[in-house]
Amino acid sequence: MPPLVLVAYASKRGSTAEVAGAVAGELERAGIAAEVIEFGSVVSLDPYEGLVIGAPVYTGKLFGDVASFVRRHEDKIRRIPVAAFVMGIAPVYPKAGDPAQFVGLMTAALQPVTPVAVTVFAGKLDPSTQSFAERSLTKLLKVPVGDFRDWNAIAAWSRQLPDLMGIGKGEGR
Ligand SMILES: Cc1cc2nc3c(=O)[nH]c(=O)nc-3n(C[C@H](O)[C@H](O)[C@H](O)COP(=O)(O)O)c2cc1C
């Protein structure tokens, strides 16, 4: 049986969910079984040997309550390797924030767990899926519109995960 990893995400408009799917696809290619679940719907972490968690930034804050997810599953989460990614427009539009600060937000939300890796990926802004208020805000802030997800960067990061998490090949499982 290959090791099983959970890719848990929060996503308001779907772009983080799609990235979670791509991370899982890359893990599967490395011989690891991966499940993708919105983290609010995760019942138990018992089946998993590793966790990847992803969430987008909205107005400077992580969307989705990563901290309460960690609290709810703390016993198990302390015993498995955890990696995380944050989505935002900041990597392509610095006025939207500092990606290093997003790493800090995620790292703080994961406490007391220390992740093996945290990264920030550029996200997607699609005015057709935004509310009027969101569209007004992003227009006002002159935020660029488009899909800035770098699938090669997402795949490259995902490929490092088995080694960073110490699961998969070479683990004798
Ligand atoms: C109303 C709104 C506020 C946002 N605020 C930020 C922000 O403060 N910093 C940032 O880097 N990206 C920001 N973004 C960009 C989102 O993080 C990006 O669109 C992400 O891909 C959305 O993920 P989702 O489709 O999974 O919800 C914002 C987007 C919207 C629509």
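See the structure shown above.
Just so it is clear, the model here is predicted, and its values are computed rather than measured. (Residues numbered from 1 in each chain as written. Predicted model: local features only at pLDDT ≥ 70, side-chain atom pairs only at ≥ 80, totals over all residues. Heavy atoms only, no water.)

### Side note on the overall build of the protein chain
For clarity, the threshold we go by: Secondary structure counts use DSSP, requiring at least four H or I residues in a row for a helix and at least two E residues in a row for a strand, with both numbered from the N terminus. Each radius of gyration reported is based on C-alpha atoms, and the globular scaling rule is 2.2 Å times the count of residues to the power 0.38. Each residue is assigned to one of three classes by its accessible area relative to the maximum for its type, calculated with a 1.4 Å probe on protein chains only: buried under 20%, partly exposed between the two thresholds, exposed over 50%.
In terms of regular secondary structure, the protein chain is built from six helices and eight strands. Sequence-ordered secondary structure for the protein chain, helices as α and strands as β, is β-α-β-β-β-α-α-β-α-β-β-α-β-α. Over its C-alpha atoms the protein chain spans a radius of gyration of 16 Å, differing by no more than 12% from the 16 Å that the globule rule assigns to 173 residues. Overall, the C-alpha framework of the protein chain stretches about 55 × 30 × 25 Å when taken along its three principal axes. By residue count, 46% of the 173 residues in the protein chain fall in the buried class.

### Digging into the site of the ligand
What counts is decided by this rule: The rule for a residue being near a molecule or strand is that one of its heavy atoms must lie within 4 Å of it. Two N or O atoms form a polar contact when they lie within 3.5 Å of each other; inside protein one atom must be a possible hydrogen donor and the other a possible acceptor, and for residues adjacent in sequence the pair counts only when both atoms belong to side chains. Note that accessible areas follow from Shrake-Rupley with a 1.4 Å probe, and for residues the cover is restricted to the protein chains shown.
What surrounds the ligand is a group of 22 residues, the closest being Ser-11, Ser-15, Thr-16, Tyr-58 and Lys-124. A distance of 2.7 Å separates an oxygen atom of the ligand from a polar atom in the side chain of Thr-16. Here the ligand, which alone exposes 650 Å², has 94% of that area covered by the protein. Looking at the shell around the ligand, the elements with two or more residues in it are helix H1 (15–29), strand E3 (50–58), strand E5 (82–88) and strand E7 (124–125).

### Looking at the packing of aromatic side chains
To be explicit about the condition: A pair of aromatic rings is counted whenever rings of Phe, Tyr or Trp (Trp by its six-membered ring) have centres within 6.5 Å, and the orientation is called stacked for planes under 30 degrees apart, edge-to-face for over 60 and tilted otherwise.
Counted according to the given criterion, the structure contains five aromatic pairs. Centre to centre, the rings of Phe-39 and Phe-69 are 5.2 Å apart; their planes meet at 45 degrees, and the pair counts as tilted. Here the residue Phe-39 occupies a position in the loop between strand E2 (33–38) and E3, and Phe-69 occupies one in helix H2 (residues 66–72), the gap between them amounting to 30 residues. Per residue, the accessibility class of Phe-39 equals that of Phe-69, and both read buried. Feature note: the residues Phe-85, Phe-121 and Trp-157 constitute an aromatic cluster, connected by ring pairs.

### Quick notes on the pattern of salt bridges
Under the convention used in this document: A side-chain nitrogen of Lys or Arg and a carboxyl oxygen of Asp or Glu constitute a salt bridge if their distance falls within 4 Å.
Within this structure, the stated rule accounts for seven salt bridges. Taking the shortest distance from any N to any O, the salt bridge between Arg-13 and Glu-134 comes out at 2.7 Å. Taken together, the residues span a long stretch of sequence, with Arg-13 in the loop between strand E1 (4–9) and H1 and Glu-134 in helix H5 (residues 132–140) at a distance of 121 residues. Taking relative accessible area as the criterion, Arg-13 reaches 36% and is therefore assigned partly exposed. Between Glu-26 and Arg-29 there is a salt bridge, with the nearest N and O atoms lying 3.1 Å from each other.

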